[in-house]
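Breakdown of the fold
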Amino acid sequence: QVQLVESGGGLVQAGGSLRLSCTASGRTFSSYAMGWFRQAPGKERGFVAYISFGGRSTRYTDSVKGRFTISRDNAMNTVYLQMNSLKPEDTAVYYCAAARVIGGTEEYDYDYWGQGTQVTVSS
């Protein structure tokens, strides 16, 4: 069992930056692929970024490429999402997720979820 706790959300002006953190409980964090998803008001939750268990492989949804960076520190049991050049359309609740096997871009690829952290980007 893995428990995930996100932090770092908040209110920022367009063009600003935020760094989200997701800290996991347990000793086997390094064996999980990790992902970030987001859900905007009135929309379904969707994929944002993925990182493999070793950190060598990453993937991003097209709308955040070049602006967001996912990374992980296995010694700290933490995955990060650095968000730069934020836009109002990035406003959403951001969730981190852990996958026991490979992970991917779909919700069903993941086994554990955090409670979410709100990111609001003002114009």
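Let me begin by describing the structure that accompanies this report.

What counts as what
Residues numbered from 1 in each chain as written. Predicted model: local features only at pLDDT ≥ 70, side-chain atom pairs only at ≥ 80, totals over all residues. Heavy atoms only, no water. Phe/Tyr/Trp six-rings, centres within 6.5 Å; stacked < 30°, edge-to-face > 60°. Buried < 20%, exposed > 50% of the residue type's maximum accessible area, 1.4 Å probe, protein only. Lys NZ or Arg CZ within 6 Å of the ring centre and 35° of its normal.

This next bit is on the packing of aromatic side chains. The description of an aromatic ring pair uses the distance of the two centres, along with the angle that the planes make with each other. Evaluated as defined, the whole model comprises 5 aromatic pairs. Where tyrosine 110 meets tryptophan 113, the ring centres are 6.1 Å apart and the plane angle is 65°; that geometry is what we call edge-to-face. Residue class for tyrosine 110 comes out buried when judged on its relative accessible area of 5%. Connected via pairs of aromatic rings, a cluster forms that spans Phe37, Phe47, Tyr110 and Trp113. Between the NZ or CZ atom of arginine 45 and the centre of the ring of tryptophan 113, over which it lies, the distance is 3.9 Å. Directly above the aromatic system of phenylalanine 29 lies the positively charged group of arginine 72, at a separation of 4.5 Å from the ring centroid.

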